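Below are the chains, spelled out letter by letter.
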There are 2 protein chains.
Amino acid sequence: MAATIKDIAKKAGVSPATVSRVLSNQTAFYSEKTAKKVKKAAKELGYQRNTAAVELVTQRSKVIAAIVSSTQTNFSDQIIDGIQQVANQNNLNVIILYAGEKDTQMQRKALETVIERSVMGILLIAVDLDPSNEGLLTSANIPYLFLSITLKNRELPFITSDDFQIGYQATHYLIQKGHSRIGLVAADLESVTGHLRLEGYNQAMHDHGLVIHPEWVCDGDFAYEDGVVAMKQYGHNPPVTAVVASSDLAAIGVMNQAQEFGLKIPDDLAVISVDGTKLCQIVRPQITSVTQAFFEMGVRGMNRLINWPAADEKPLYTPIKIVERQSV
Amino acid sequence: MAATIKDIAKKAGVSPATVSRVLSNQTAFYSEKTAKKVKKAAKELGYQRNTAAVELVTQRSKVIAAIVSSTQTNFSDQIIDGIQQVANQNNLNVIILYAGEKDTQMQRKALETVIERSVMGILLIAVDLDPSNEGLLTSANIPYLFLSITLKNRELPFITSDDFQIGYQATHYLIQKGHSRIGLVAADLESVTGHLRLEGYNQAMHDHGLVIHPEWVCDGDFAYEDGVVAMKQYGHNPPVTAVVASSDLAAIGVMNQAQEFGLKIPDDLAVISVDGTKLCQIVRPQITSVTQAFFEMGVRGMNRLINWPAADEKPLYTPIKIVERQSV
DNA sequence: CTGTTAGCGCGTTCAT
DNA sequence: ATGAACGCGCTAACAG
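Residues numbered from 1 in each chain as written. Chains lettered and ligands numbered in written order. Predicted model: local features only at pLDDT ≥ 70, side-chain atom pairs only at ≥ 80, totals over all residues. Heavy atoms only, no water.

- Chain A appears in an unreviewed UniProt entry as LacI family transcriptional regulator from Lentilactobacillus fungorum.

If you want it as structure tokens, here you go:
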């Protein structure tokens, strides 16, 4: 059904090789006249190149795969925008695959899908790769990079924010604002990310000679519900005057539940969130946040993939900044 | 570098054809013994099938492409979840591509990318296809379906909510609650979707003998900002007592601006939104909405693609329902 | 049950 | 500047 270069060749009265050259080899190894004939025939036949054949013979692909965990958070859009921008500039295609939430099966399937297609690079966005799938990724001989996640396995390359600094600066900011009883909410303490943020939090408290009560820190998974649950644990009369929420959604969870308790934000309880997505601006009060440079993560990730192998293989940290709004 | 079936064949002492049969042809046209040998060799060599070669020879693909417009709204996740579920059940792969926002170039590029790969089906999520790209899609000989959008060109198959009903029921609901001066906000009047909703709104007003003031309806593009702008136009002393917002984000925009004006929701102004995503539950007051069955759209879309060509080619409407929360 | 052969559509030598 | 021939990795048809 679909037209091939052979069909075009016949129609234009040239050889398939010439057609191939006109349609892909930019360097002008052919005359203008034949080029015109070929292009005309191609258009008339509605020719669409067969990527499978091209990739089979050239042994490479112009596709970047972005694998995202359908996480509770909502910043992947920004990262993908960054990826797309660079892809467009370099005439690359990006395909996005979902890897589910801590779903080893889906992770594996997504990886296999892109590896079988030998994409030119793999970007893993906030996916906490199951160890059993590591081999698949590392032995595929395809450049890859983790984005927006700090990994247990430090051998794997990643670009993210400095989670220790996130914890530290958020806490420090609250302390500067006069708070001394500070909670940490929904931080996924099992993960490296959560662990580092906790350390930053601890360090900041320590640096200011503040005591820490273990019951001030609540585990969770960045979800809205985790914020609600944490606040319920604090109760009507919370032991803390401020909290660091590990995501914007989690922050909204604590704020809503706090208001449920009749608490005023920020007077009775100050809240600072981590991420700084658009959500912070559309809820009331607007949320003061430690804002991450997600777009930049995408851009840098792509650049690193394109310039593979990079000279500099160290993990790269994108900047964070505190954006003051109304919740502190 | 990568192992091929030839390598496996050599290692296992069989022919490539046999390897191929073991590794893909489920029907047991081979002995258990050789199968075991082959699988062992494959694992040892870290074999990964070359999809390009497979697709080249079989002339078909197990990939469904979902093209999404990076729209202001945020319901595509739900649709994609539905798609993914059906895909998993049928052992299909889903790849997602961004088509930008009314960006003809990116639309074309996304389409070309998936057509060149001759995916088995294309799902277009909320993308308002530029007429210049229609030919590309329709002549590719690949099943396709528009999701969550009503098109000008009724020849193109789609699955969405009944936009007339959305407009009608939202308005009707407000009238039932005692409102007679009702606004319509951010409805993208240029689009068929917006147009139909407006008609539904008009009809509902008409059916109850209510007059319509043209200045009550504000154009827009489903965005948060459109809600803000519309509310600013209404002013401190709005001519309406209730509004239908065309998206959850737009609803939040009007609510925020209304509160800016010192108006209380729902007492001074009632708001009903269209979509009913999770946003409705996390803002305060929670938003009463006309909730669309996005997940179901994804599921039905996939099923229709899988059973292509369907006997029933009529556009299919997924149900809508009004979910009462706190904003009316 | 298994091996041999052919060819999917294309880019790429090597000739001319 | 152009054409003929080859082969990428794999499945399908046909023998055996």
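What follows picks up the thread again.
As for the pattern of salt bridges
Okay, so step 1: All told, the structure shown has 18 salt bridges over all chains when counted by the stated rule.
Okay, so step 2: Across the pair E324 of chain A and K177 of chain A runs a salt bridge whose closest N-O atoms are separated by 3.6 Å. Here E324 of chain A, found in the segment after β12 (320-323), pairs with K177 of chain A, found in the loop between α8 (163-176) and β6 (182-185); they are 147 residues apart in sequence, far enough to count as distant.
Okay, so step 3: Under the relative-accessibility criterion, K177 of chain A is labelled partly exposed at 46%.
Okay, so step 4: Between K40 of chain B and E44 of chain B there is a salt bridge, with its nearest N and O atoms 3.3 Å apart. Here K40 of chain B pairs with E44 of chain B, and both are found in helix α3 (residues 32-44), just four residues apart, close to one helical turn.
Okay, so step 5: Each of K11, K40 and E44 of chain A takes part in salt bridges that share partners, so that together they form one network. (Salt bridge = Lys/Arg side-chain N within 4 Å of Asp/Glu carboxyl O. Helix = DSSP H or I, 4+ residues; strand = E, 2+ residues; numbered from the N terminus. Buried < 20%, exposed > 50% of the residue type's maximum accessible area, 1.4 Å probe, protein only.)

Overview of a negative patch on the surface
Okay, so step 1: Together, D77 and D81 of chain A together with D77 and D81 of chain B make up a negatively charged patch on the protein surface.
Okay, so step 2: Where the negative patch is concerned, the elements lending two or more residues are α5 (76-89) of chain A together with α5 (76-89) of chain B.
Okay, so step 3: Its place among the elements puts D81 of chain B in helix α5. (Patch = residues over 30% accessible without salt bridge, like charges linked within 9 Å, V, L, I, M, F, W, Y side chains within 5 Å. Areas by Shrake-Rupley, 256 points an atom, 1.4 Å probe, with all protein chains shown as cover. Lys, Arg positive; Asp, Glu negative; His and termini not counted. Charge placed at Lys NZ, Arg CZ, Asp CG, Glu CD.)

Concerning the domain arrangement of chain A
Okay, so step 1: Domain annotation for chain A reports domain 1 (1-60) and domain 2 (163-292).
Okay, so step 2: Computed over C-alpha atoms only, the centres of domain 1 of chain A and domain 2 of chain A are separated by 60 Å. (Domains from an automatic or database assignment.)

A short note on the sheet that holds strand β8 (residues 242-245) of chain B
Residue and element names in this part refer to chain B.
Okay, so step 1: The strand order β7-β6-β8-β9-β10-β12 describes an open sheet built from six strands, whose pairing is mixed. Each end of this open sheet is capped by a strand with a single partner; those strands are β7 (217-218) and β12 (320-323).
Okay, so step 2: One ladder, built from four bridges, connects strand β9 (residues 270-275) with strand β10 (residues 288-292); its direction is parallel. Across the sheet, the residue bridging to V274 is V290, located in β10.
Okay, so step 3: Contacts from helix α9 (residues 192-207) reach β6 (182-185), β7, β9 and β10, with the element oriented near 175 degrees to β6. (Pairing = 2+ DSSP bridges. Contact = heavy atoms within 4.5 Å. Axes fitted to C-alpha atoms, helices over the stretch in contact; angles between N-to-C directions.)

Concerning the sheet that holds β6 of chain A
Strand pairing within a sheet occurs via backbone hydrogen bonds; the two strands may be parallel or antiparallel.
Okay, so step 1: The strand order across the open sheet built from six strands is β7-β6-β8-β9-β10-β12 (chain A), with neighbouring strands paired in mixed fashion. With one partner strand each, in any of the chains shown, β7 (217-218) and β12 of chain A form the two edges of the open sheet.

With respect to the side chain of T291 of chain A
Okay, so step 1: Positionally, T291 of chain A belongs in strand β10 (residues 288-292).
Okay, so step 2: If we ignore the near neighbours within four places in the chain, the residues touching T291 of chain A are D275, G276, P319, I320, K321, V323 and R325 of chain A.

Structural notes on the protein's contact with DNA strand C
Okay, so step 1: In the vicinity of DNA strand C there are 27 residues, among which I5, S20 and Y47 of chain A together with T18 and R21 of chain B approach most closely.
Okay, so step 2: Residue T34 of chain B places a side-chain N or O atom 3.0 Å away from a phosphate oxygen belonging to DNA strand C.
Okay, so step 3: Of all the elements in the fold, those that place two or more residues in the surface near DNA strand C are α2 (16-23) and α4 (51-58) of chain A together with α2 (16-23) and α4 (51-58) of chain B.
Okay, so step 4: Ranked by the residues each element gives to the surface near DNA strand C, the list is headed by α4 of chain A, at four residues.
Okay, so step 5: Classifying every residue of the surface near DNA strand C gives 13 nonpolar, 12 polar and two charged. (Near = heavy atom within 4 Å. Polar contact = N/O pair within 3.5 Å; in protein donor to acceptor, adjacent residues only side chain to side chain. Nonpolar A, V, L, I, M, F, W, Y, C, P; charged D, E, K, R; others polar.)

Thoughts on the nonpolar core
Okay, so step 1: Grouped together as the largest cluster of nonpolar side chains are 96 residues, with contacts concentrated most on L269 of chain A together with L269 of chain B.
Okay, so step 2: The residues touching L269 of chain A, leaving out its near neighbours within four places in the chain, are M231, V240, T241, A242, V243, V254, A258, K264 and S327 of chain A.
Okay, so step 3: Core analysis: the second largest hydrophobic core is formed by 49 residues, A140, Y144 and L151 of chain A together with I149 of chain B among them. (Core = buried A, V, L, I, M, F, W, Y, C linked by side-chain atoms within 4.5 Å.)

Comments concerning the relation of the copies chain A and chain B
Okay, so step 1: If you rotate chain A by 180 degrees and push it 0.0 Å along the axis, it lands on chain B with an RMSD of 0.1 Å. Taken together, the rotation and translation relating the two chain copies correspond to the operation of a two-fold axis.
Okay, so step 2: A shared interface surface links the copies, since 100% of the contact residues of chain A are contact residues in chain B too. (Least-squares fit on C-alpha atoms with pLDDT ≥ 70 in both.)

Focus on the protein's contact with DNA strand D
Okay, so step 1: Around DNA strand D, the surrounding shell holds 27 residues, and the nearest of these are T18 and R21 of chain A together with I5, S20 and Y47 of chain B.
Okay, so step 2: Counting only atoms of DNA strand D within 4 Å of the protein, the fraction found in sugar and phosphate groups is 69%.
Okay, so step 3: Take S15 of chain A: an N or O atom from its main chain is 2.7 Å from a phosphate oxygen of DNA strand D.
Okay, so step 4: Note that a sugar or linking oxygen of DNA strand D is positioned 3.0 Å from one of the side-chain N or O atoms of Q59 of chain A.
Okay, so step 5: Counting only elements with at least two residues in the surface near DNA strand D, the list comes to α2 and α4 of chain A together with α2 and α4 of chain B.
Okay, so step 6: Broken down by class, the residue content of the surface near DNA strand D amounts to 12 nonpolar, 11 polar and four charged.

A short note on the side chain of S191 of chain A
All names here are of chain A.
Okay, so step 1: Position of S191 relative to the elements: it lies in the loop between β6 and α9 (192-207).
Okay, so step 2: Residue S191 is classed as buried on the basis of its relative accessible area of 10%.
Okay, so step 3: Only 3.0 Å separates the side chain of S191 from the backbone nitrogen of G194, close enough to count as a polar contact.

Looking at the packing of aromatic side chains
Okay, so step 1: Counted by the stated rule, this structure contains eight aromatic pairs over all chains.
Okay, so step 2: For the ring pair F164 of chain A and Y168 of chain A, a centre distance of 6.1 Å and an interplane angle of 25 degrees mean the geometry is stacked. Taken together, the positions of F164 of chain A and Y168 of chain A, both in helix α8 and four residues apart, correspond to about one turn of that helix.
Okay, so step 3: Take F164 of chain A: its relative accessible area is 23%, and that puts it in the partly exposed class.
Okay, so step 4: Judged by its relative accessible area of 18%, Y168 of chain A falls in the buried class.
Okay, so step 5: A ring pair is formed by F158 of chain B and Y317 of chain B, whose centres lie 6.5 Å apart and whose planes are at 70 degrees; its orientation type is edge-to-face. (Phe/Tyr/Trp six-rings, centres within 6.5 Å; stacked < 30°, edge-to-face > 60°.)

A word on the packing of α5 of chain B against helix α13 (residues 294-306) of chain B
All names here are of chain B.
Okay, so step 1: Following both chains from N to C, one finds α5 and α13 inclined at 40 degrees, their axes separated by 6 Å at the closest point. Comparing the axis directions of α5 and α13 gives the class oblique. The handedness of the crossing between α5 and α13 comes out as right-handed. Seen from α5, the contacting residues are Q78, I79, D81, G82, I83, Q85, V86 and A87; seen from α13, they are F294, F295, M297, G298, V299, M302, N303 and I306.
Okay, so step 2: The residue inventory of the contact of α5 with α13, partitioned by class, reads 10 nonpolar, five polar and one charged. (Parallel < 35°, antiparallel > 145°, perpendicular 65-115°, else oblique. Left-handed = near helix turned anticlockwise from the far one by under 90°.)

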